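# Survey of secondary and tertiary structure
Chain residues, written in single-letter form:
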Amino acid sequence: MKRMISVIATGLALGLSFGAQAGTLEDAVKRGSVSCGVSTGLAGFSQKDENGKWSGLDVDVCRAVAAAVLGDADKVQYKPLTAKERFTALQSGEIDVLSRNTTWTHTRDTSLGLNFAGVNYYDGQGFMVSKDLGVKSALELDGAAVCIQAGTTTELNLADYFRANGITYKAITFDTSDQTRAGFESGRCDVLTSDQSQLYALRIGLKDPSAAVVLPEVISKEPLGPVVRQGDDAWFNIVRWSLMAMVEAEFLGIDSSSVDSAKADGNPSQKRLMGTEGDAGEKLGISAEWAYNIVKQVGNYSESFERNVGQGSPLKIARGLNAQWNNGGIMYSSPVR
Amino acid sequence: MRTFKPLPSQPAPKETVGAVNWIRENFFSSVGNSLATLAILMLLAIILPPAIDWLFLSANWQGVTQADCTKDGACWSFVKAWSKQFFYGSYPSDELWRINLCLLALVAVIIASNVLHKDWRNKIAIPLFLALPFISIVILDGRPIGLSFVSTDYWGGFSLNVLLAAAAIIIAFPLSFLWALGRRSDMPMIRSVCVILIEFFRGVPVLALFFMGSVMLPLFFPEGTNVDKLLRVWIVLTLFMSGYMAEVFRGGFQAVPKGQYEAADSLGLSFWQKTLLIILPQVIKISMPNILATFVMLFKNTTFLLIIGIFEMLSTTQTALTNSNWLGGHATEGYLFVALVFWICCFSMSMISSSIERKLDTSHKK
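Source: prediction; values computed, not measured.

## What about the environment of B:Pro11?
Inspection of the secondary structure puts B:Pro11 in the segment before helix H1 (18–27). Along the chain, B:Pro11 and B:Met297 lie 286 residues apart, while their C-alpha atoms are 48 Å from each other.

Here it is in structure tokens:
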């Protein structure tokens, strides 16, 4: 009996440790795809089209990782997740990387057994007002009726901001973003507040988008980025540098059309990124052409941004904070050296 | 010889026949009734013209992009463009025949169980029914029979609602019967296990069960073992349904007269013979209306899957609404369409269920 128990215990321990030891990179290579958690639908960030094809700024992170690891950006298994499921799916190993407009906060980083691999979009809460109001700044909004989606941090940020500035307001809460927009449109409130990336999407949905303006104030910090499980540093590095490669490629002036010439006869830093010089890929444990594949198949950060949320998309979000550091923004990549 | 000749029947009194009288009798029989009729007519006059105008007259029927929606009315182009997603999800276009095959098989088995001779029915239709969920999974997944593999991530749309509900109901049927039987058992162990199971799955909201299945359950598995999300949901749905049906069956058991049990015992039938041959047929007959009502409920409950990110029809609609090429606020069109599809299905299910009830009604009540 005792022996049997010890056999079972050893078996269990072995089974568990086998499960835990296999690295995410090896798993992904064996599976032939990167399993990526995305949103069930968020305009410009992760959205499905009529043919079931995924696209978006968050989706491009998944594609970049797949391009780096497997050499093919299409080898992604998308796992649509709701906000409540996302961390469990990552913790339980159902997905390799979570790229689902997730705000990088202290609590999430420290208490969930997760690591944020970087920031692919600096978001923040903003205001949309109807043009007729003639308001130029959020500070002129004293006494305004504000439409908010209930139960979000948006509500708390709003209270903090208005109290700090001594402005009174009347909150009108709605359950879904559709209802919030309808409330704004029907004139029940003068102002609609939400994350800026959402505001632009909500604005397009209005009957007359040009009748509303997004105010310049951003009252909260919402850095959104991809997340991986803690304890697999090799995989963490790959995800972090896949994202950085896109930003660095933009900084170095490499885009998907000029990628071949940059690889063959670019300047030294371009060649290092493209893998013709140095051993950046080898150090990550993946192909030397990792960054080449990313830029070739997904594009640099600027291309991805403009295609999904910027001028090339219906959303027309300005680069703002998400411009390169030498261009008025804070997108900054460490050098590949 | 005198024959009996009945007098020809008299026409009904004039004031009770004809359209005018019918209207008077049914709509204006009293002051209160007249007022109610007038109020409803007024309401319809206010609501109907703009509704018809929006729904049909100035609606956009052509085209498959948002730019085609130029008129003021409903943008049905939205529904048209997304119809494949609505019905089949992201299942590969070349493989749609597999979904159609499964749906056809489901319909075929239902028809077979209605038209087959009763000697054959039990031998063929019941095993087919029970095998159907597993056959469908094999066909849709594709790996075991050498077709191309389609991961459950691509399953979706209305066909998923139908197939998932059917698969849950089919497995729940025998399971709930066993639970109901166990609840009436004299053996305390079996009885308490069944009571706990039934009361747990009946007492916890289905949303909470879905969350448990999708968020909590994976944390208990060792890392690296993944039970497919759809499979977990199927199990949860089946257990939930079993809890409800077990209580329906219990009601049926209690409604069977005691004399039937005693008669079976006095014939020397064993427990299972008694249960399967004497009691079960009567239980099913008695509980049929309730079972079918529970089916309709479960079918509608499959839309709750949207909260755990499975692309059944309702969540496909929500996803479609967030596509940046369709941000024109087509929520009304989308949800109306979903409601219409579900209404058609549920209404036909209740038509079918009342025909089954008539067929099963062998009582001699007059």
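Still more ground to cover, so stick around.
## Observations concerning helix H13 (residues 313–321) of chain B
In terms of burial, H13(B) is largely enclosed, as 8 of its 9 residues are buried. Listed as buried for H13(B) are B:Met313, B:Leu314, B:Ser315, B:Thr316, B:Thr317, B:Thr319, B:Ala320 and B:Leu321.

## Digging into the interface of chain A and chain B
Contact with chain A, which involves 35 residues of that partner, is made by 32 residues of chain B. With 5 residues, strand S4 (residues 76–81) of chain A is the single largest residue contributor to the side of chain A that touches chain B. Residues belonging to the side of chain A that touches chain B are distributed by class as follows: 12 nonpolar, 15 polar and 8 charged.

## Quick notes on helix H10 (residues 229–255) of chain B
A rise of 1.5 Å per residue sets the reference length of H10(B), with its 27 residues, at 39 Å; its end C-alpha atoms lie 39 Å apart and thus fit the reference within 8%. For H10(B), the tally of buried residues reaches 19 of 27 residues, placing the bulk of the element in the interior.

## A look at the environment of A:Ser333
Along the chain, A:Ser333 turns up in the segment after helix H14 (301–308). The sequence separation of A:Ser333 and A:Leu243 amounts to 90 residues, and the corresponding C-alpha distance is 8.8 Å.

## Quick look at the nonpolar core
Within the largest apolar cluster, 160 residues are counted, with the highest numbers of intra-cluster contacts made by A:Val34, A:Cys62, A:Val65, A:Ile294, B:Ala168 and B:Ile169. For this core, the two domains that each supply at least three residues are domain 1 (24–122 + 223–327) and domain 2 (125–220) of chain A. Once residues within four sequence positions are removed from consideration, A:Ile294 is found in contact with A:Ala64, A:Ala67, A:Ala68, A:Ser242, A:Ala245 and A:Met246.

## Digging into the confidence of the model for chain B
Residues and elements named next belong to chain B. Put simply, chain B has an average pLDDT of 89, and 98% of its residues get 70 or more. Across chain B, the element-wise mean pLDDT spans from 85 in H1 up to 95 in helix H8 (residues 188–203). Predicted as a complex, the structure gets a pTM of 0.86 and an ipTM equal to 0.83.

Rules used in this analysis
- Residues take numbers from 1 onward in each chain, read along the sequence in its written order.
- To label them, take the chains in the order written and letter them from A, then take the ligands in the order written and number them from 1.
- Whole-chain, interface and lining totals are the exception, using all residues; otherwise, since this is a predicted model, local features are given only for residues with pLDDT of at least 70 and side-chain atom pairs are given and counted only at 80 or more.
- Only runs of H or I of at least four residues qualify as helices and only runs of E of at least two qualify as strands under DSSP, and these elements are numbered from the N terminus.
- Three exposure classes are used. Buried residues have 20 or more other C-beta atoms within 10 Å of their own C-beta, exposed residues have 12 or fewer, and partly exposed residues fall in between, all C-beta atoms being placed from the backbone.
- Contact criterion: two residues are in contact if their C-beta atoms, reconstructed from the backbone, are within 7 Å.
- When residue character is reported, Ala, Val, Leu, Ile, Met, Phe, Trp, Tyr, Cys and Pro are called nonpolar, Asp, Glu, Lys and Arg charged, and the others, Gly included, polar.
- A helix is expected to reach a length of 1.5 Å times the quantity of its residues less one.
- Put simply, a nonpolar core is a cluster of buried Ala, Val, Leu, Ile, Met, Phe, Trp, Tyr and Cys residues tied together by C-beta atoms within 7 Å.
- In this document the domain limits rely on a domain assignment from an automatic tool or a database.
- Per residue, pLDDT measures the predictor's confidence, with a range of 0 to 100.

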